[in-house]
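Observations on chain architecture
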Amino acid sequence: MDYKREAPVSGTIPSAASVYQRVHRVIARVEWAAFSDDVEAILALKRERNAVILAHNYQTPEIFHCVADIVGNSLALARKAMTVDADIIVLAGVHFMAETAKLLNPDKTVLIPDLGAGCSLADSIAANDVRLMRQRYPGVPVVTYVNTSAAVKAESDICCTSGNALAVVESLGVERVIMLPDEYLARNIAAQTSVEIIAWNGHCEVHERFTPADIRELRDAYPGVTVLAHPECPPEVVAVADFAGSTAAMSDFVGRHKPARVVLMTECSMSDNVAIEHPDVEFVRPCNLCPHMKRITLANIRTALQETRHIVTIDARVVDGARRAVERMLAV
């Protein structure tokens, strides 16, 4: 599932009890008692503030299924952010996602509930690194993963996500590209195209921990399990998986193929969120947690709406270049 929308300013505000029915198979009722007050408050605050919540697939189910209006992977959130009809956008995800929402909605107030919700990939590269790569490889276009700061995007020719990286690379019609900053995504895309890809050495701290040995152990413990891997995983992991794709592609795979038993080699909460949509599929859950995503909670979403914090701003010197790189991606 990539997108859902519940009008924040019209109609009846759902109760916490009613939205609990969406998640009762993955959240115990005793655990829900700790969430219900915040859920009730957030649902009311969204209407009062004319606000919408955008939530990434790695958010926990009580956020993803109970208070979010728009959900999905980075590409889905970027696309839907352009159509938001609200005064306030709360980004339940990490900081680069909030920056992207602000780039595409310059006249709206964009909030991130915790300024510490960063990203190991975004931290692996700075704008000056991109300039140095251009000097080393003059004339070679730069494709930058959306998991980067606005300043890095501004130094790029075009952005990509894990879901559209191959299409973006091949859309440029050149023999080689620089692809930043995820080394493993770059290598996995390189295996699918004749375009030469020059990679950076950034890694996702969640996906880099998966190994082929993990998959072998899962296959031994759960005979017949279908293994889906995110392309930020090392190429040797992708090579032994049954399917590799973005979070949206993995969710779609489960919906289309209905494997009896499946494992998603990605961040923990993804399995819970997809499992809610597919009660007939057994999900095996190896848990590599993203500490940055987990900094977003119902409590700080509620505070963000109550106190209008933390407001996302972007240096005026990089806005135009960063927006151009994102919009060029969305046009592919």
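Just so it is clear, the structure is predicted and the values come from calculations on it, not from any experiment. (Residues numbered from 1 in each chain as written. Predicted model: local features only at pLDDT ≥ 70, side-chain atom pairs only at ≥ 80, totals over all residues. Heavy atoms only, no water.)

Some details on the pairing of strand β11 (residues 261–265)
The buried fraction of β11 amounts to 4 of the 5 residues, a majority that puts the element mostly inside the structure. Bridge count for strand β9 (residues 226–229) against β11 is 4 bridges, and the pairing is parallel. Looking across to β11, one finds that Leu228 is bridged to Leu264. Bridge count between β11 and strand β12 (residues 282–284): 3 bridges; the pairing is parallel. By the bridge assignment for β12, Val263 is matched with Val284. Once the chain exits β11 it traverses helix α15 (residues 268–277) before rejoining the sheet at β12, and the crossover so formed is right-handed. (Buried < 20%, exposed > 50% of the residue type's maximum accessible area, 1.4 Å probe, protein only. Helix = DSSP H or I, 4+ residues; strand = E, 2+ residues; numbered from the N terminus. Pairing = 2+ DSSP bridges. Right-handed = clockwise from strand over helix to strand, strands pointing away.)

Looking at unusual backbone geometry
The step from Leu180 to Pro181 runs through a cis peptide bond, and the omega angle for that step is -10°. Tracing the sequence through the fold places Pro181 in the loop between β7 (176–180) and α11 (183–190). Following Arg309, the chain continues to His310 via a peptide bond in cis, the omega torsion being -5°. With respect to the helices and strands, the residue His310 is situated in the loop between α16 (298–307) and α17 (316–330).

Brief notes about the side chain of Gln59
As for its position among the elements, Gln59 is in the loop between β1 (51–56) and α4 (61–64). Residue class for Gln59 comes out buried when judged on its relative accessible area of 1%. Separated by 3.4 Å, the side chain of Gln59 and the backbone oxygen of Met293 make a polar contact. Excluding anything up to four places from it in sequence, Gln59 contacts Phe64, Ala92, Gly93, Ser269, Asn273, Met293 and Ile296. (Polar contact = N/O pair within 3.5 Å; in protein donor to acceptor, adjacent residues only side chain to side chain. Contact = heavy atoms within 4.5 Å.)

Brief notes about the layout of surface pockets
Size it by volume and the largest pocket reaches roughly 250 Å³. For the largest pocket, the lining is made up of 19 residues, of which Ile189, Gln192, Pro231, Ala244 and Gly245 are closest to its centre. Those elements that provide at least two residues to the lining of the largest pocket are α10 (165–171), α11 and α13 (235–240). Ranked by residue count, the leading element in the lining of the largest pocket is α11, at 4 residues. The residue makeup of the lining of the largest pocket, split by class, is 11 nonpolar, 7 polar and 1 charged. (1 Å grid on protein atoms, 1.4 Å probe; cavity = no way out; pocket = protein on both sides within 12 Å on 5 of 7 lines; lining within 4 Å. Points joined across faces, edges and corners; volume = space filled by probe spheres on them. Nonpolar A, V, L, I, M, F, W, Y, C, P; charged D, E, K, R; others polar.)

Any link to function would need more than the numbers given here.
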